[in-house]
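# Commentary on secondary and tertiary structure
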Amino acid sequence: MSSDRSLLNILRRIDGRGYGAYKDLHGRYELEECTLFVDHVQGDPFAAPSRIRVRVDMGLAQLPDGLWDSAVRRLALEDYLARRVRARIPRAEPRRRGSGKSGKIFIDAGGQEVLERTALVLDEDFVEARLQVGLPAAGRRVLGREAEQLLCSDVPRLALGSLVWEAFDEAEARNFVDCIENQEYLREQLQVYGLVAFVANGSILPRESGASDRPLRGSDVVPFDTPETLRVQLPLATPMEGPEGLVETLTGMGIPRGVTLVAGGGYHGKSTLLRALERGVYPHVPGDGREWVISDPGLVKIRAEDGRRVESVDISGFIGALPQGRSTRSFSSDDASGSTSQAANIVEAAEAGAAGLLLDEDTSATNFMVRDARMKALVHDRDEPITPFVERVRELYEHHGISTVLVMGGCGDYFDVADHVVVLRDFQPRDATSEARRIADRQVREQSMGSRKPIGEISARIPQAESFDASRGRRDVKIDARGVDRISFGRADLELRGLEQLVDVSQTRAVGYAIHLSAERFMGPRTTLAEILDRLENFFDSRGLDELDVFHRTGHHPGNFARPRRFEIAAAINRLRSLRMEQV
Ligand code: ADP
Ligand code: MG
């Protein structure tokens, strides 16, 4: 493939020189069938790889308009293309050349979830892949010939092989896009049908292992099958090819708004179902097994998270005055307990606008969830600051519009507050609502003495912008994701292990940058956290994720962001150890 002379000239000139000479590559080059941008050059062969973009003209790529004629179809096709590039990388880097990451190519394509991301961009005029490449070196010397092979041959071949429609499996591409579009369409239908979630018959919920997000396979896997009384049928936007021909609707279990209890014996699949609902806020790739598990995007997983920091949260609805008369109207702690952290998680989710809560007994604080009659006899109500969740869950729905799906196999106290009870047995759901009601009527649960005051309005809070400092020493801004559940933010280390709906390290990275961006742009002396989240979402919608890196820390190449939800951004802010908030 013949190439832009200037690129070849530079590579020949710097061949054999110190690695720093690669900096001369910055710029734009017209290759024969694509355009190459070198945005950021790594400092040495072992540093984070260099950032380049490769662009193919739409005139050549010929991606059919119909495949990306709406926002969701475009997102789906971009995601599909990024995966396609990733799948073809092994063919493009035939051998190792040189030290460190020499000759390696990376793209930030997704896992089982399909997220808005910046690794691949579709435009009227072009399609562009954002890659990271290891510029080849021998020791710390430039390997010019190898770099020429990488930039003038391997990368263009990768781009043309992945992005030009002629080379596609058309049916697979169309199926991917239709599948994602249908998932988002079903998500809209949840509203129409008064549901918070839907699980289609035939879904495969269990995962391969605790370390793998791929579907469990084998003859022991029990596909989901809905009991008749909970069955709903939802329409698809585009008919899909099923085992028995084209299908226009899907049948499955609808989880209505309100309070739903999932009960059943240990090891019968309760947590697996709940985890599928947690992830169901995002679309999934075809074949995941959970692609037709659709949750309201406003569902937030709540768990106990002792040790987390809490800043000025009114948890008095759940936890009254603490020992030594400490008020809980504005509760702060550097080391919250199981119950206070769980209460704070709920109040913060409500503040951020949650439509519903997902709770699992496995990760809840027992004393936060229930308090039985015998314990009430031993420890008087006036000595127990906690109003258990069972006494608040209806109020949350009736007065705050917040639904709950709760997994609880160990305690029947929730029978009389649940609108629906689903029992799992051998991974199969059964509608046990009326049975549970009868049991509850026979054995009346003793409510707390005296009427506790209602939770009341969730008070808004104003974050103080000074408490967000992303600088580190003399370096102005330093933000990075250290895995899915940790961000280093300036000098601080932000621990996010409690956020079970953060699924991609690129989302985590975006969360870090979003915090910084909001401190710089969107915070003000009167701006509440909820308003800041609104502004951020508007910003993402109108400007796109590319703009997150407004400080161009990464050059003009933001190829590794994925969109986080507002709830995870809020949760990260809420966990900053330096955070100061003012209650309105
Ligand atoms: P529980 O929360 O009720 O104790 P889990 O959801 O943790 O149960 O599931 C127990 C085990 O059963 C897990 O290893 C899980 O992968 C497996 N499992 C869950 N659902 C299914 C299913 N539908 N088919 C086969 N195995 C399943
Ligand atoms: Mg469990």
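What comes next is a walk through the structure. Because the structure is predicted, anything quoted here is derived from the model rather than measured.

## Here we look at the environment of Ala336
Inspection of the secondary structure puts Ala336 in the loop between β18 (331-333) and α7 (338-351). Residue classification places Ala336 among the buried residues on the basis of a relative accessible area of 1%. C-alpha of Ala336 to C-alpha of Phe427: the two residues are 91 residues apart in sequence and 35 Å apart in space. Not counting residues within four places of it along the chain, the set of residues in contact with Ala336 comprises Asp306, Gly307, Arg308, Val310 and Ser341.

## Some remarks on helix α4 (residues 144-163)
With 20 residues, α4 ought to run about 28 Å at 1.5 Å a step, and its terminal C-alpha atoms sit 27 Å apart, in line with that. Largest kink in α4: about 30°, centred on Leu150. For α4, the tally of buried residues reaches 15 of 20 residues, placing the bulk of the element in the interior.

## With respect to the pairing of strand β12 (residues 231-242)
In this structure, β12 lies alongside strand β13 (residues 245-256), joined through eight bridges in antiparallel fashion. Looking at the pairing, Met240 lines up with Val247 of β13. Hairpin connection, β12 to β13: the antiparallel pair is bridged by two residues.

## Concerning the coordination of the magnesium ion (ligand 2)
Taken together, the protein ligands of the magnesium ion (ligand 2) are Ser271 (OG) and Asp362 (OD), with distances of 2.1 to 2.3 Å. Here Asp362 lies in the loop between β19 (356-360) and α8 (366-369) and Ser271 lies in helix α6 (residues 270-279), a separation of 91 residues in the sequence.

## Quick word on the side chain of Glu78
Within the secondary structure, Glu78 sits in helix α3 (residues 71-92). The class for Glu78 is buried, based on a relative accessible area of 14%. If near-sequence neighbours (up to four positions away) are discounted, Glu78 is found in contact with Leu120, Val121 and Leu122.

## Structural notes on the sheet that holds β13
Strand order in the open sheet formed by four strands is β12-β13-β9-β15, and the pairing between neighbours is antiparallel. The open sheet terminates on both sides in strands that have one partner only, identified here as β12 and β15 (293-295). For this sheet, the mean inter-axis angle between neighbouring strands, taken without regard to orientation, is 30°. Sheet strands touched by helix α5 (residues 170-193): β9 (195-200), β12, β13 and β15. Its angle to β12, the strand with the most contacts, is close to 160°.

## Notes on unusual backbone geometry
The phi dihedral of Asp426 falls on the positive side, at around 50°, and the residue is not glycine. Inspection of the secondary structure assignment puts Asp426 in the loop between β21 (420-425) and β22 (428-431). Although it is not a glycine, Phe427 adopts a positive phi angle of roughly 70°. With respect to the helices and strands, the residue Phe427 is situated in the loop between β21 and β22.

## Quick look at the pattern of salt bridges
In the structure shown here, the tally under the stated rule is 50 salt bridges. Between Asp546 and Arg130 there is a salt bridge, with the nearest N and O atoms lying 2.9 Å from each other. Of this pair, Asp546 sits in the loop between α13 (529-543) and β27 (553-556) while Arg130 sits in strand β6 (residues 126-133), and the two are 416 residues apart along the sequence. The partly exposed category is assigned to Asp546, whose relative accessible area is 29%. Ionic pairing is found between Glu395 and Arg392, a salt bridge with its closest N-O pair at 2.9 Å. Among the charged side chains, a network of salt bridges with common partners joins Asp39, Arg53, Arg55, Glu128, Arg130 and Asp546.

Conventions we followed
- Residues numbered from 1 in each chain as written.
- Chains lettered and ligands numbered in written order.
- Predicted model: local features only at pLDDT ≥ 70, side-chain atom pairs only at ≥ 80, totals over all residues.
- Heavy atoms only, no water.
- Helix = DSSP H or I, 4+ residues; strand = E, 2+ residues; numbered from the N terminus.
- Buried < 20%, exposed > 50% of the residue type's maximum accessible area, 1.4 Å probe, protein only.
- Contact = heavy atoms within 4.5 Å.
- Expected span 1.5 Å × (residues − 1).
- Bend = angle between axes of the 7 residues up to and from the residue.
- Pairing = 2+ DSSP bridges.
- Donors = N, O, S within 2.8 Å, 3.2 Å for Na, K, Ca; no water.
- Axes fitted to C-alpha atoms, helices over the stretch in contact; angles between N-to-C directions.
- Salt bridge = Lys/Arg side-chain N within 4 Å of Asp/Glu carboxyl O.

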